[in-house]
Amino acid sequence: MPNPSPARMHDFEVISNEKIADGIFSLVISAPRLARALKPGQFVNIRVPGDAFELLRIPLSYVSADPEHGTVEIWYAVVGNATRRMSAWTPGATSDLLGPGGHGWTAPEGTKRALVVGGGIGVPPVLCLARDLMERGIAVDACIGAATADKLVGVEDFKALGCENVCVATDDGTAGEHGFCTDSASRLLATGAYDYVATCGPGVMMHEVADAAAAAGVACEASLERMMSCGFGACSTCNVETTDGMQGACMCGPVFDATKVVVW
Ligand SMILES: Cc1cc2nc3c(=O)[nH]c(=O)nc-3n(C[C@H](O)[C@H](O)[C@H](O)COP(=O)(O)OP(=O)(O)OC[C@H]3O[C@@H](n4cnc5c(N)ncnc54)[C@H](O)[C@@H]3O)c2cc1C
Ligand code: FES
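Residues numbered from 1 in each chain as written. Chains lettered and ligands numbered in written order. Predicted model: local features only at pLDDT ≥ 70, side-chain atom pairs only at ≥ 80, totals over all residues. Heavy atoms only, no water.

(A) Here's a closer look at the sheet that holds strand β16 (residues 255-257). Read across the sheet, 7 strands follow the order β11-β10-β9-β8-β12-β13-β16 without closing on themselves; strand pairing throughout is mixed. Unpaired on one side and paired on the other, β11 (177-178) and β16 mark the two borders of the sheet. Bridging between strand β13 (residues 219-223) and β16 involves 3 bridges; their strand directions are antiparallel. Considered in β16, the bridge of Glu221 is made with Asp257. Strand contacts of helix α6 (residues 203-216): β8 (113-119), β12 (196-200) and β13, with the helix running at about 170° to β12, the strand carrying the most contacts. (Pairing = 2+ DSSP bridges. Helix = DSSP H or I, 4+ residues; strand = E, 2+ residues; numbered from the N terminus. Contact = heavy atoms within 4.5 Å. Axes fitted to C-alpha atoms, helices over the stretch in contact; angles between N-to-C directions.)

Okay, here's the thing in structure tokens:
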């Protein structure tokens, strides 16, 4: 693993914490040094106080950072104890985090058009990337999927960025296409219009996107989710099996070259 970790400890204060979809919240925190340091695709490891038996921090990606105002926005799904406690945070609450963690997206030099594919709560890191690419003059299209319309996030944000194609799919057909966002991603990739694909979401979805990208001869990166105990390279709980051997997602990832991932 690369050493040392780029992560440092940051105190933060909650600015807002609002529900944006079914079971999904947007958290805005004030953490000026962190806001200046984060790069798209990196994550933070947050301490969620309130349970003396929970020693571990929780890893979360960020969706945007505002260096001028010193704020960072995170979207999180309520899935267990820590995220449930987070959902009760009100403005003024304080805690600390370790960050930035890992390394982010690396679109190839000369990329002219990129496709981002996000499933469920995998949307935040690809939305963050899309904003960065568009600021650098690279065209971006997006394919977004969720289980139901109630759980969809990011559609309006991709449109507001100016993405030409924003394809939506839901498992139950309550919004967009009935099915998976991998279908529209495969269709778009088959047009041959892209130099780069970035994906984050369930492993099976990313695997399918990686296969479609490989078939189209397009570079593909995927942001992998693993359990993380330390978040800075000390414990190996986050190992990913790659063609280069086991690599820790917290330091060598979470973004990986999709052609190197063996176990999604
Ligand atoms: C690099 C990275 C970035 C992430 N970014 C986001 C994000 O932007 N938004 C978001 O909502 N979630 C994100 N996650 C997942 C998030 O860390 C877990 O949902 C969170 O730790 C659950 O904590 P909990 O105490 O509420 O749930 P727990 O009670 O600990 O677990 C509830 C369920 O979530 C699973 N889980 C717990 N921790 C993880 C983990 N680290 N990775 C995968 N599954 C886990 C458990 O197996 C269990 O099924 C990210 C994970 C990683 C590794
Ligand atoms: S989380 Fe401990 S090594 Fe990656």
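Back to the write-up after that little detour.
(B) Here's a closer look at helix α3 (residues 123-135). End to end, α3 covers 18 Å across 13 residues, agreeing with the expected 18 Å (1.5 Å per residue, within 8%). What α3 keeps buried is the set Val123, Pro124, Pro125, Val126, Leu127, Cys128, Leu129, Ala130 and Leu133. On its buried face, α3 sits against β4 (58-61), β6 (71-77), β8, β9 (139-146), α4 (155-161) and β12. Where α3 ends, the next residue or the one after it, Gly137, has phi of about 85°, a positive value. (Expected span 1.5 Å × (residues − 1). Buried < 20%, exposed > 50% of the residue type's maximum accessible area, 1.4 Å probe, protein only.)

(C) Structural detail: the nonpolar core. With 33 residues, the main nonpolar core has Leu115, Val117, Cys143, Leu189, Val197, Leu224 and Trp264 as its most contacted residues. Sorting elements by how many residues they give to this core places α6 first, with 6 residues. If we ignore the near neighbours within four places in the chain, the residues touching Cys143 are Leu115, Val116, Val117, Gly118, Cys167, Cys181, Ser184, Ala185 and Leu188. Judged by nonpolar contacts, the second largest core, of 32 residues, contains Ile24, Val63, Ala77 and Cys200. (Core = buried A, V, L, I, M, F, W, Y, C linked by side-chain atoms within 4.5 Å.)

(D) Main features of the site of ligand 1. Every one of the 19 residues lining ligand 1 counts as a neighbour, but Pro59, Ser61, Ala77, Thr83 and Glu225 are closest to it. Separating a nitrogen atom of ligand 1 from a backbone N or O atom of Ser61 is a distance of 3.0 Å. Between Ala82 and ligand 1, the recorded distance is 3.0 Å, taken from a backbone N or O atom to an oxygen atom. Taken together, the elements giving at least two residues each to the shell around ligand 1 come down to β4, β6 and α2 (81-86). A total of 4 residues in the shell around ligand 1 trace back to one element, the largest contributor, which is β4. When its residues are assigned to classes, the shell around ligand 1 shows 13 nonpolar, 4 polar and 2 charged. (Near = heavy atom within 4 Å. Polar contact = N/O pair within 3.5 Å; in protein donor to acceptor, adjacent residues only side chain to side chain. Nonpolar A, V, L, I, M, F, W, Y, C, P; charged D, E, K, R; others polar.)

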